[in-house]
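# An overview of the molecular structure
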Amino acid sequence: MELRGICFVLSVLCLLQMTHQQVDKPKAKKNAPPKKVVVTASMIEDIKKQIDHILEEVNLLKEKQALQSVCLRGMKVRSKCFLSMSGEKKFHEAADDCIMHGGILGTASNDEENDALYDYARTAVGHDRDIWIGVSDIVAEGSWVDVTGAAVNYTNWETEITLQPDGGTKENCVVLSGPANGKWFDQPCRFKKNYFCEFIIS
Ligand code: CA
Ligand code: CA
C-alpha cells in the first residue's frame with residue numbers, strides 16, 4: 001500500500017510535469033493550433049486532496065506496523081497487546097510512561113487477560129515479581145477504577161489468605177502478583193514495580 005501510494009504520487013507529479021510542458025511548449029505544427037491542456041485551480045486542489053489522503057493512509061499503515069511490532073515483541077490477547085517495559089517505576093510514573101508510548105498502563109479485564117498477563121510477567125520479569133496494573137482507588141477509597149476513570153468490572157483480588165484489598169487509604173494502587181499466581185493486591189502507589197503497557201489493535 002505504501003509503495004502504491006508513492007507510485008501514485010510520482011505518477012501525479014509526472015502528469016503535472018507533462019501537462020506543463022504541453023502548455024509551455026506546444027508543438028509547432030503548421031496550420032494547427034497547439035492543443036492546450038488547462039490545469040485549473042480546482043484540479044490542483046483535487047490532486048492535493050488525493051495526495052493528503054494517501055499520506056494519511058501511509059501514516060495509518062505505519063501505525064499499524066508499529067503496533068504489530070509491539071505485538072511481536074510482547075503478548076497478544078485478542079485485540080490487546082501487552083508490552084513489558086524496562087525498569088521499575090512508581091504507579092503514576094509507569095502510567096505516564098505508557099501514555100508517552102501511545103498506550104495505557106496494562107490491566108486485565110477478564111480471566112483470559114489476567115492469565116496472559118501472569119504468564120507474560122513470569123517470562124518477562126520473573127515469577128517472583130509483582131507488576132502494576134492500571135487499577136486504583138486514589139480518587140475515592142474503595143472505588144476501583146481503571147486509568148480512564150471508569151469503574152472496573154473485573155477484579156482478581158487475593159482473598160484466600162490475606163483478604164485483599166486490605167490497605168485502606170494507605171494502599172491505592174494494584175499489583176498483579178507473580179508469587180500469588182496472578183492474584184491482585186492493593187499496595188502503596190509510591191512503590192516501584194515492573195509494569196506492562198497495553199495497546200489496542202484493530
Ligand atoms: Ca485504597
Ligand atoms: Ca494490600
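Data block above holds the structure.
What comes next is a walk through the structure. (Residues numbered from 1 in each chain as written. Chains lettered and ligands numbered in written order. Predicted model: local features only at pLDDT ≥ 70, side-chain atom pairs only at ≥ 80, totals over all residues. Heavy atoms only, no water.)

Our next topic: the coordination of the calcium ion (ligand 2). In this structure, Q164 (OE1), D166 (OD), E171 (OE), D186 (O) and D186 (OD) serve as the protein donors to the calcium ion (ligand 2), at separations of 2.2 to 2.4 Å. Mapped onto the sequence, the donors of the calcium ion (ligand 2) take the spacing Q-x1-D-x4-E-x14-D. (Donors = N, O, S within 2.8 Å, 3.2 Å for Na, K, Ca; no water.)

Taken across its seven residues, strand β4 (residues 130–136) has seven buried, putting it largely inside the fold. Here β4 shows a buried face lined by D130, W132, G134 and S136 and a second buried face lined by I131, I133 and V135. Examined bridge by bridge, β4 and strand β6 (residues 173–177) share five bridges and lie antiparallel to one another. Its bridge partner lying in β6, I131 is registered against L176. (Buried < 20%, exposed > 50% of the residue type's maximum accessible area, 1.4 Å probe, protein only. Helix = DSSP H or I, 4+ residues; strand = E, 2+ residues; numbered from the N terminus. Pairing = 2+ DSSP bridges.)

Aromatic ring pairs are described here by two measures, namely the spacing of the ring centres and the angle between the planes. Applying the stated criterion to the full structure yields five aromatic pairs. Summarising the aromatic geometry, the rings of F91 and W132 are spaced 5.5 Å apart at their centres and angled 90° between planes, so their arrangement reads as edge-to-face. With F91 in helix α3 (residues 91–100) and W132 in strand β4, this pair connects stretches of sequence that are 41 residues apart. F91 sits in the buried class, given a relative accessible area of 4%. Its relative accessible area of 0% is what places W132 among the buried residues. Between W157 and W184, the aromatic rings sit 5.9 Å apart at their centres with planes inclined by 80°, giving edge-to-face as the arrangement. Taken as a pair, W157 in the loop between β5 (145–146) and β6 and W184 in strand β7 (residues 184–187) lie far apart in primary sequence, 27 residues in all. For W157, a relative accessible area of 13% gives the class buried. For W184, a relative accessible area of 0% puts it in the buried group. (Phe/Tyr/Trp six-rings, centres within 6.5 Å; stacked < 30°, edge-to-face > 60°.)

Moving on to unusual backbone geometry. Look at the link from Q164 to P165: it is a cis peptide, with omega at -5°. Relative to the helices and strands, P165 is located in the loop between β5 and β6. For R78, which is not a glycine, the phi torsion comes out positive at approximately 50°. With respect to the helices and strands, R78 occurs in the loop between β1 (75–77) and β2 (80–84). Among the residues examined, R78 registers a relative accessible area of 63% and is labelled exposed. Even without being glycine, N181 reaches a positive phi, approximately 55°. Position of N181 relative to the elements: it lies in the loop between β6 and β7. Under the relative-accessibility criterion, N181 is labelled exposed at 57%.

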